[in-house]
Amino acid sequence: HAVAAFHVPDVGAVIRAATRSDFETIEPLWVALYQHQQDHGMLLVVSPSSFKDWTASMTALLGRFTCLFVAEQKGQPIAFLAGRIRTLPPYFGGCSVGFVSEVFVDADHRGKGIGEALISAICEAAKDGGWPELYLYAATGRLTAYYTSFGWRPVERIEVSGIMFDVMTSQL
């Protein structure tokens, strides 16, 4: 399902569904995301081939079981959000739900509504796709408060690779 472009007028940014050709343009943002996470305690080691492997896993299913949204300003990527469809185990209903796997806004563009617009884009795509809810992991603390302000709610707290996360959900 195609999602209309979202405009963030205060910063002249456009949020749009990405195509396969967008992956190489977001590589610096993807690398910055995982560098940021390592700087804040992530123990996982990101290998030199990790972006290539991630891209292959996303592009093979793009538009069917994965999605990628890009925020651009003057034609340059400044943020992205990636998502996947996951099937819950039978004892949790066995239905398909959306999962926000990566969100990153370049440091120079934070606090300007771009992250909120990316979340709106995936929520619209999820509704169009008939997903009953979305999930994400938010680093416990400031990010939990950020997503809660948009109606997400924490359902569980877990540790992943040395960092505490709140598993959060949004009913669609």
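Treat the numbers as computed from the prediction; the structure is a model and nothing was measured. Starting from 1, residues in each chain are numbered consecutively following that chain's sequence as written. Residue-level local features of this predicted model are given only where pLDDT is at least 70; pairs of side-chain atoms are given and counted only at 80 or more, and the full residue set underlies all totals for whole chains, interfaces and linings. Calculated side-chain values reflect all of the structure's heavy atoms, with hydrogen atoms and water omitted.

What follows covers the packing of helix H1 (residues 23–39) against helix H2 (residues 50–59). Each axis is a line fitted through C-alpha atoms, and for a helix only the stretch in contact is used; angles between axes span 0 to 180 degrees, taken between their N-to-C directions. Helix numbering and strand numbering both begin at the N terminus, where a helix is a DSSP run of H or I of at least 4 residues and a strand a DSSP run of E of at least 2. Viewed as axis vectors pointing N to C, H1 and H2 meet at an angle of 130 degrees, and their least axial separation amounts to 11 Å. Taken together, the axes of H1 and H2 lie oblique to each other. The handedness of the crossing between H1 and H2 is right-handed. Facing Phe-23, Ile-26, Glu-27 and Trp-30 of H1, the residues of H2 in contact are Ser-50, Phe-51, Trp-54, Thr-55, Met-58 and Thr-59. For classification purposes, angles smaller than 35 degrees are called roughly parallel, those larger than 145 roughly antiparallel, those between 65 and 115 roughly perpendicular, and all remaining angles oblique. With the far helix as reference, a near helix turned anticlockwise by less than a right angle produces a left-handed crossing, and one turned clockwise produces a right-handed crossing. Throughout, a contact is declared for two residues whenever any of their heavy atoms are within 4.5 Å.

What follows concerns the sheet that holds strand E4 (residues 76–87). If DSSP finds at least two bridges between two strands, the strands pair. Spatial ordering of the open sheet is given by E1-E2-E3-E4-E5-E6-E8-E7, a layout of 8 strands whose pairing is mixed. Unpaired on one side and paired on the other, strand E1 (6–8) and strand E7 (153–160) mark the two borders of the sheet. Sheet twist, expressed as the mean angle between neighbouring strand axes with direction ignored, is 25 degrees. Relative to strand E8 (residues 163–171), E7 runs antiparallel, the two sharing 7 bridges. The residue bridging Glu-156 from the neighbouring strand is Val-167, located in E8.

Let us look at the pairing of E8. The buried fraction of E8 amounts to 7 of the 9 residues, a majority that puts the element mostly inside the structure. Looking at chain direction, strand E6 (residues 133–139) and E8 are connected through 7 bridges and run antiparallel. By the bridge assignment for E8, Tyr-137 is matched with Val-167. Here the term buried applies to any residue with accessible area under 20% of the maximum for its type, exposed to any over 50%, and partly exposed to those in between, with areas from a 1.4 Å probe on protein chains only.

The next thing to look at is the nonpolar core. Counting 30 residues, the largest nonpolar core has Ile-15, Phe-69, Ile-114, Leu-118, Leu-136 and Trp-152 as the members making the most contacts within it. Looking at this core, the elements that each hand over two or more residues are E1, strand E2 (13–17), strand E3 (66–73), E4, strand E5 (96–105), helix H3 (114–129) and E6. With 9 residues, the single largest contributor to this core is H3. Apart from the residues lying within four places of it in its own chain, the contact partners of Ile-114 are Val-8, Val-11, Ala-13, Ile-15, Ala-71, Ile-78, Ala-79, Val-105 and His-109. Throughout this description, the term nonpolar core refers to a set of buried Ala, Val, Leu, Ile, Met, Phe, Trp, Tyr and Cys residues connected via side-chain atoms within 4.5 Å. Grouped together as the second largest cluster of nonpolar side chains are 25 residues, Trp-54, Leu-68, Val-70 and Ile-158 included.

Take the pattern of salt bridges next. Where charged atoms of side chains with opposite charge meet at close range, the side chains can pair. Take a side-chain nitrogen of Lys or Arg and a carboxyl oxygen of Asp or Glu: if they are within 4 Å of each other, that pair is a salt bridge. Evaluated as defined, the whole model comprises 3 salt bridges. Across the pair Arg-16 and Asp-22 runs a salt bridge, and its minimum N-O distance is 2.7 Å. In this structure, Arg-157 and Asp-166 form a salt bridge, with 2.8 Å as the shortest nitrogen-oxygen distance. For Arg-157, a relative accessible area of 52% puts it in the exposed group. The exposure class assigned to Asp-166 is buried, which follows from its relative accessible area of 2%. Overlapping salt bridges bring together Arg-16, Asp-22 and Glu-72 as one network.

Let us look at the environment of Leu-68. Its location among the elements puts Leu-68 in strand E3. For Leu-68, a relative accessible area of 2% puts it in the buried group. C-alpha separation for the pair Leu-68 and Arg-84, spaced 16 residues apart in sequence, amounts to 9.0 Å.

Let us look at unusual backbone geometry. The phi torsion at Lys-74 lies on the positive side, around 55 degrees, for a residue other than glycine. Note that Lys-74 resides in the loop between E3 and E4. Accessibility expressed as a relative area gives 80% for Lys-74, which makes it exposed.

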